[in-house]
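Structural overview for review
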Amino acid sequence: MVYPINAIDKLGFSEIKDKIKEKCLSESGRELVEKIQPQTRYDQIDRFLRQTSEFKDLLINDSAFPVENFFPLRSIIEKARVEGTFLLEEEFFRVLLSLKTVYAIIRYFNEREGLYPNLEVLFEHLPIEKGIIRDIEMVIDERGKLKNNASRLLLEITQQIQRAEQEAMKRINSIFKSAQDSGWTADGNLTIRDGRLCIPILAENKRKLKGLIHDESATGQTAYIEPEEVFHLNNKIRDLEFERRREVIRILVELTDKVRPHIPLLLSYHGLLTKVDFVRAKALFALDIDAEMPELSKEAEISLVNGRHPLLLLNQHHTVVPLNIQIDHIQRVIVVSGPNAGGKSVCMKTVGLLQIMVQSGLLIPAEPTSKVGVFKQIFADIGDDQSIESDLSTYSAHLSKMKYFTEFANGRTLVLIDEFGTGTDPLFGGPIAEAVLESLNKKQIRGVVTTHYSNLKVFASNTHGLENASMLFDNREMKPMYILQIGKPGSSYAFEIAQKIGLGKDILESAKGKIGVQQKKVDTLLIDLEREKKEVFDTKVAINKREKELESIKSEYLELQSYLEENKRVILKEAKEEAQQIIKNSNKLIENTVAQIKSAKADKEKTRELRSNLDQALQAVLPKEQKPAKQFIKEKVQESTELAIGDWVQILDNGAEAQIVEIAKNNLILAMGELRTVQKRKSVIKLEGREGKKTAKSLSRSLSAGTVADFKPELDLRGMRTEDALNELERVLDRAVMVGYPSLKIIHGKGDGILRKFIRDYLRKYSHVSRFEDEHQDRGGDGITYAYL
């Protein structure tokens, strides 16, 4: 599958396995990780990937997974298999705890039937045998010790031992006190010698106390005596203890006999725990490297979108530039060139390592839109394999691999060659490398090759199936950009790098005079192409950035427009309802007035009085004149430099009015009802006037009184799904910023640390959070995060 065998180590896969082992809870899980190898069966790879992906989703979005107790059961089970043997108390206790974990796991998935179909395969048709737990719990207590009432005889013996010990202690205390009163004892209290409780007696008084001398002090001045009266009681206790031990062994043998018929099932349970530990470790590692499941293809192809080297991701000192590369039946071999330390080898190793990870059932740090095929063979020539024992030089070792590659490679082989053709005279190494590449291309292999040789760049540009690529280099700053550019070869920038390092000008001029004119023209052309590509790339990045900004502005505008339309509908509805009520009330007044005039038989004085009352009543129900509407139009507009929190402003783009709730440098956070928006100072004008100030004052009072009084700067997210927890965190953070709280206490618990990781990632992106830290170790440690605003 992989040739040579040490290629796995050189690509970094052994280090990946070591990282996964650190996530395992059991030794059997770590043994399973050690056995990980790239697979070639599509269905098997697909199942392994989906199991890991489902477990990752479970850890992020579901409730805590039951993994309290993982013990190695195989050795215990093999011991119980032998007739006549018995398991010890602590071994039964481990079996009990492990069985409880197994049953908790099976219940966990049964409650979510159909949600994780590939994980359910792990325990398919595995029964829950509660009789085993019941038998063990009849004998072993919750501390892992044998219960005193495990049998009637054991209980009787235990009680006899307790009574005898109490009687012996009572006797020896009495004798000790009497000896003290007589002045026979040495300094100190009762002590244990040879497993017996003894009295320290001065040597000159040892004949005065009848008993057995068990020991004496180093100076010989103190003798440790067990009194004769207590001696017989202690012997009785010793006999009872031997009897109790025999009964304990009998009970353990009987319990082992009960468990023995279930050994095949126990081995299945052990296998389930091992597999769950294994898949869980892979999922936790995937979370560490932000890995996703790519689309798996049956064809020999690779299409990485924003792929990153996992080991570089775990190294916090590096900013990892994503890799985008495509290898298929048309673009079969990518020939990568460019400057030294420009990222060529890392590019090739990233492709190889991610391919091995996928075929080993591991998720990869790339976009889920990436596409990875299945290769039958992976050949790699990386680094120096010279061997004194085999009498191989560096170049001989390279040629030995090339011989193997050309003999056994085919269309389902991924070939990775670093610094192709080096190790010998370039005059001969280049043509040999070109001939080998031509032979491999005829076999329709897929691969990545790195080189500095110009003849290979020319060959790749003129040969179907081969494609040139280069690592971009900033020739103004004279530093690599670590971005792969498909479609053109790259310059080695040998003279430019040498000049930056400070190599003498005379040496550089001499070197330039020694290379051919044609080669110099080619290299200059490559450098010019590099510069033009860089300019195009920078322009493209700037355009993309501007497009995103415009999209954001458009989204904000549509949201504001929607809000205003909704408010308009509400206001019109309320106005119509109010108008209908006014008309209804007015009609009633008029009808009542007419009725009263009729009843008064149109008396002039009475009619005049009734009409006066009608006018007053109508004036009361009709809306008063709205003076502020005219006043707001005539308000004075002041410059935005005089803005303060609480001021009302008008947004120039759309004419909407809003109130300032926070000022951050040149940005204003504005409130329009429940909606919040951010505007530049120069994009608003201040509204002056009594009505505006009054409204601002009342809003400020409502914020500082009601909201602050109701707000609690502590948030408990334990037990919540990740999405719900982040939504709640966002809501509380927004309120904390609004009311001006300086800090927020977030309780998320410890567990696997997944919820803590997502919360802290969110806090890093939240612009108003200046820093965050763990709680003091005595008060919760990393189970609590303090965010400072």
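Quick look at the structure, then. Just so we're clear, the structure is a prediction, and the values are computed from it rather than from any experiment.

Calculation rules
- Residues numbered from 1 in each chain as written.
- Predicted model: local features only at pLDDT ≥ 70, side-chain atom pairs only at ≥ 80, totals over all residues.
- Heavy atoms only, no water.
- Core = buried A, V, L, I, M, F, W, Y, C linked by side-chain atoms within 4.5 Å.
- Buried < 20%, exposed > 50% of the residue type's maximum accessible area, 1.4 Å probe, protein only.
- Contact = heavy atoms within 4.5 Å.
- Helix = DSSP H or I, 4+ residues; strand = E, 2+ residues; numbered from the N terminus.
- Pairing = 2+ DSSP bridges.
- Axes fitted to C-alpha atoms, helices over the stretch in contact; angles between N-to-C directions.
- Salt bridge = Lys/Arg side-chain N within 4 Å of Asp/Glu carboxyl O.
- 1 Å grid on protein atoms, 1.4 Å probe; cavity = no way out; pocket = protein on both sides within 12 Å on 5 of 7 lines; lining within 4 Å.
- Points joined across faces, edges and corners; volume = space filled by probe spheres on them.

1. Here's the deal with the nonpolar core
If you look at the biggest cluster of nonpolar residues, it comprises 106 residues, and the most contacted ones within it are Phe13, Phe55, Phe65, Phe109 and Met357. Not counting chain neighbours up to four residues away, the residues in contact with Phe55 comprise Phe65, Leu119, Val276, Val279, Arg280 and Ala283. Core analysis: the next-biggest nonpolar cluster, separate from the first, contains 20 residues, Phe379, Ala409, Val436 and Leu437 among them.

2. Remarks on the environment of Ile645
Tracing the backbone through its elements, the reader meets Ile645 in the loop between strand S16 (637-638) and strand S17 (648-651). Considered as a pair, Ile645 and Leu670 are 25 residues apart in the sequence and their alpha carbons are 9.5 Å apart.

3. Observations concerning the sheet that holds strand S7 (residues 302-307)
Taken in spatial order, the four strands of this open sheet run S6-S10-S7-S8, and their pairing is mixed. Only two strands of the sheet have a single partner each, and these edge strands are strand S6 (295-296) and strand S8 (323-327). Relative to the sheet, helix H13 (residues 344-359) contacts S6, S7, S8 and strand S10 (371-372), its axis offset from that of S7 by approximately 110°.

4. Re the pattern of salt bridges
Think of it this way: side chains of opposite charge can pair up when their charged atoms draw near. The full count for this structure, using the stated rule, is 36 salt bridges. One salt bridge in this structure joins Asp43 and Arg41, with 3.1 Å as the shortest N-O distance. Taking the relative accessible area as the measure of exposure, Asp43 reaches 42% and is therefore partly exposed. Residue class for Arg41 comes out partly exposed when judged on its relative accessible area of 49%. For Asp290, the salt bridge is made with Lys757, and the minimal N-O distance between the two is 3.5 Å. With Asp290 in the loop between helix H11 (263-288) and S6 and Lys757 in helix H24 (residues 754-765), the pair connects residues that are 467 residues apart, well separated along the chain. Its relative accessible area of 46% is what places Asp290 among the partly exposed residues.

5. Quick notes on empty space enclosed by the protein
Within this structure, the stated rule accounts for two cavities of 30 Å³ or more. Taken as a whole, the largest cavity holds about 110 Å³ of empty space. For the largest cavity, the lining is made up of 14 residues, of which Tyr395, His398, Met402, Phe420 and Gly421 are closest to its centre. Those elements that provide at least two residues to the lining of the largest cavity are helix H14 (394-408) and helix H15 (426-442).

6. Regarding the sheet that holds strand S5 (residues 222-227)
Taken together, the four strands give an open sheet; going across it, the order is S2-S3-S5-S4, and neighbouring strands pair in antiparallel fashion. Lying at the two open borders of the sheet, with one neighbouring strand each, are strand S2 (191-193) and strand S4 (211-216). Across this sheet, the average inter-strand angle for adjacent strands is 50°, counted without regard to direction. The sheet contact formed by strand S3 (residues 196-202) and S5 spans four bridges and is antiparallel. From the neighbouring strand, Ile201 faces S5, where its bridge partner is Ala223. Strands in contact with helix H9 (residues 152-182) are S3 and S5; relative to S3, the strand with the most contacts, it is inclined by about 5°.

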